Amino acid sequence: GGTTAPYIYQNTLASPSVSWETIETSNLGIDLGFLADKLSITADYFIKKNKEMLAGIAYPSVIGINTPKSNVGELKTWGWETVVSWRDHVGEFRYWVTANLADAQNELIDYYGADVYGEGQVGLLEGYPVNSSWGYKTDGFFTTQEEVDSHPFHDNRTGIGDTKYLDLDGDGEINQGEQTLEDHGDLVYLGNNNPRYTYGIQGGFEWKWIDFSVFFQGVGKRALLLDVPVYPYYFGARNPFAEHLDYWTPENPDAFWPRPYANGRHNFDPADRWVQNASYLRLKDLQVGFTFPDAWMSKIGVQKLRVYFAGRDLWEKTKVLDFIDPEIKNQTYQYPFSRRYTIGLNLSF
């Protein structure tokens, strides 16, 4: 059988003026302090049910218009968070450190609209988290013309060095079937872009005229599905990056990218090959300052003078491609991320 007509899909929430939602929240928390409150521990667990959630419904595109959002879903969100802090001083040396770890999950447990399984990111699908990703399984690249000719059909441009998608349903074609639960062709669930196990470590000290603070932040688990602006030669006006040089050739069969092909969309259909492990640890903020002693400043009529250096996104450890910011949303990549360095002063008369 063939595929259904394309769908109009309107994603997630709308403004309260359209309709209303019923939200039920349950929280269990504990807040403890020890050693004269030098050590504090906070822990929370929550469950939230968003009943009558505002969402769009998928309709066949032959309708030709966008449809308003309505109360058509129930979303369950649950998770926990723990924060541990220590604050103390030794003489004039005052210091502190805070660490937090949290996790949250969600599931669309009821959806009154049509469940449409499609390539890429699917906003609402009953039984799955919001913004789940669907795509094909792959098996490297084609290496011979005989292999291309004998493989189930995917695209009339397919050739040696292109991505090899697997025909999981055995119908002789690589497709998304009827885009339904019973028949979604060769599509498989690739995860979702919601971050899991978010954490942070913040600390600092003050000693005489010196102050210092640092903040590390990260995510323990996240599946990032690459989008077309990342792919080499997909847009004629977008120059390739150095990372794109690792492309398939007969001498480089284990490359990361397929053969260069201008506007080669057939090589980059959503698939397990293009899902990146977007867990990361990042030095998010760092600041060090020096405040000149009052005795020095009073001689020149200055109340306070502080000079400082600050940096943002100075370093990270991650497995995503070098030019991609691991904090980006799914399929929203546009520009390489940048680092920020600031040197400044605070002056009061």
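Residues numbered from 1 in each chain as written. Predicted model: local features only at pLDDT ≥ 70, side-chain atom pairs only at ≥ 80, totals over all residues. Heavy atoms only, no water.

(A) Quick look at the overall build of the protein. Tallying secondary structure elements over the protein gives 2 helices and 18 strands in all. Burial statistics for the protein: of 349 residues in total, 39% are counted as buried. Taking all contacts inside the protein whose residues are at least 6 apart in sequence as the whole, residues at least 24 apart take part in 66%. For the protein, the exposed surface amounts to about 19100 Å²; the carbon and sulfur share of it is 55%. (Helix = DSSP H or I, 4+ residues; strand = E, 2+ residues; numbered from the N terminus. Buried < 20%, exposed > 50% of the residue type's maximum accessible area, 1.4 Å probe, protein only. Contact = heavy atoms within 4.5 Å. Areas by Shrake-Rupley, 256 points an atom, 1.4 Å probe, with all protein chains shown as cover.)

(B) Seen up close, the layout of surface pockets. Reported here for the largest pocket is a volume of approximately 520 Å³. Taken together, 24 residues form the lining of the largest pocket, with Q105, N106, P129, V130 and N194 sitting closest to its centre. Elements with a contribution of two residues or more to the lining of the largest pocket: strand 3 (39-55), strand 5 (70-90) and strand 6 (93-111). In terms of residues, the lining of the largest pocket owes the most to one element, strand 6, which gives 4 residues. Split into classes, the residues belonging to the lining of the largest pocket amount to 11 nonpolar, 8 polar and 5 charged. (1 Å grid on protein atoms, 1.4 Å probe; cavity = no way out; pocket = protein on both sides within 12 Å on 5 of 7 lines; lining within 4 Å. Points joined across faces, edges and corners; volume = space filled by probe spheres on them. Nonpolar A, V, L, I, M, F, W, Y, C, P; charged D, E, K, R; others polar.)

(C) Structural view of a nonpolar patch on the surface. Together, V90, F93, W207, I210 and V288 make up a nonpolar patch on the protein surface, roughly 400 Å² of accessible area in all. Tracing the backbone shows I210 in strand 13 (residues 210-221). Using a relative accessible area of 30% as the deciding quantity, one classes I210 as partly exposed. (Patch = residues over 30% accessible without salt bridge, like charges linked within 9 Å, V, L, I, M, F, W, Y side chains within 5 Å. Salt bridge = Lys/Arg side-chain N within 4 Å of Asp/Glu carboxyl O.)

(D) Inspection of the side chain of N267 at higher detail. For N267, the location among the structural elements is in the loop between strand 14 (223-225) and strand 15 (275-277). Since its relative accessible area comes to 1%, N267 is described here as buried. Setting aside anything within four residues of it in sequence, one finds N267 in contact with D162, T163, Y165, P258, R259, Y261 and W274.

(E) Region of the structure containing the nonpolar core. With 27 residues, the main nonpolar core has L226, V230, Y231, W257, W274, L321 and I324 as its most contacted residues. Only strand 11 (188-192) and strand 14 provide two or more residues apiece to this core. In this structure, W257 is in contact with F141, V230, Y231, P232, E243, H244, D246, Y247, W248, F268, W274 and L321, ignoring residues within four places of it in sequence. By size, the runner-up hydrophobic cluster in this structure holds 9 residues, among which are M53, A55, L75 and L124. (Core = buried A, V, L, I, M, F, W, Y, C linked by side-chain atoms within 4.5 Å.)

(F) View of the pairing of strand 17 (residues 304-318). Sheet topology note: the strand 16 (residues 280-291)/strand 17 ladder contains 11 bridges and is antiparallel. Looking across to strand 17, one finds that V288 is bridged to F309. Two elements, strand 17 and strand 18 (residues 340-348), share 9 bridges in a ladder whose sense is antiparallel. Along strand 18, the bridge assignment pairs G311 with Y341. (Pairing = 2+ DSSP bridges.)

(G) Spotlight on the pairing of strand 12 (residues 196-207). Two elements, strand 6 and strand 12, share 9 bridges in a ladder whose sense is antiparallel. Bridging across to strand 12, A102 finds its partner in T198. Where strand 12 and strand 13 come together, 11 bridges link them in antiparallel fashion. Bridged to Y199 within strand 13 is G218. Counting the residues in the hairpin turn of strand 12 and strand 13 gives 2 residues, including K208, whose phi is positive at 55°.

(H) Region of interest: the packing of aromatic side chains. Taken as a whole and assessed by the stated rule, the structure comprises 19 aromatic pairs. With a centroid separation of 5.8 Å and 70° between ring planes, the pair formed by Y136 and Y165 is classed as edge-to-face. With Y136 in the loop between strand 8 (132-135) and strand 9 (138-141) and Y165 in strand 10 (residues 163-165), this residue pair connects regions lying 29 residues apart in the sequence. Three or more aromatic residues joined by ring pairs make a cluster, and in this case those are Y231, F256, W257, F268 and W274. (Phe/Tyr/Trp six-rings, centres within 6.5 Å; stacked < 30°, edge-to-face > 60°.)

(I) Highlighting the environment of D115. Tracing the chain through its elements places D115 in the loop between strand 6 and strand 7 (120-122). Each C-alpha atom, one on D115 and one on I57, is 9.0 Å from the other, the two residues being 58 residues apart in sequence. With sequence-adjacent residues up to four places away left out, D115 is seen in contact with L125, E126, Q179 and T180. At 3.1 Å, the side chain of D115 and the backbone nitrogen of E126 are in polar contact. (Polar contact = N/O pair within 3.5 Å; in protein donor to acceptor, adjacent residues only side chain to side chain.)

(J) Main features of the sheet that holds strand 3. Taken in spatial order, the 9 strands make up an open sheet running 2-3-5-6-12-13-16-17-18, and their pairing is antiparallel. In the strand order of this sheet, the two ends are held by strand 2 (22-34) and strand 18, each with one partner. Direction aside, the axes of adjacent strands within the sheet are offset by 10° on average. (Axes fitted to C-alpha atoms, helices over the stretch in contact; angles between N-to-C directions.)

(K) A look at the environment of T318. Assignment of secondary structure puts T318 in strand 17. Judged by its relative accessible area of 26%, T318 is partly exposed. For T318 and A278, which are 40 residues apart along the polypeptide, the C-alpha to C-alpha distance reads 6.7 Å. Excluding residues that lie within four positions of it along the chain, T318 makes contacts with N277, S279, Y280 and P326. Among the polar contacts made by the side chain of T318, one reaches the main-chain carbonyl oxygen of S279 at a distance of 3.0 Å. From its side chain, T318 meets the backbone nitrogen of V320 in a polar contact 3.4 Å long.

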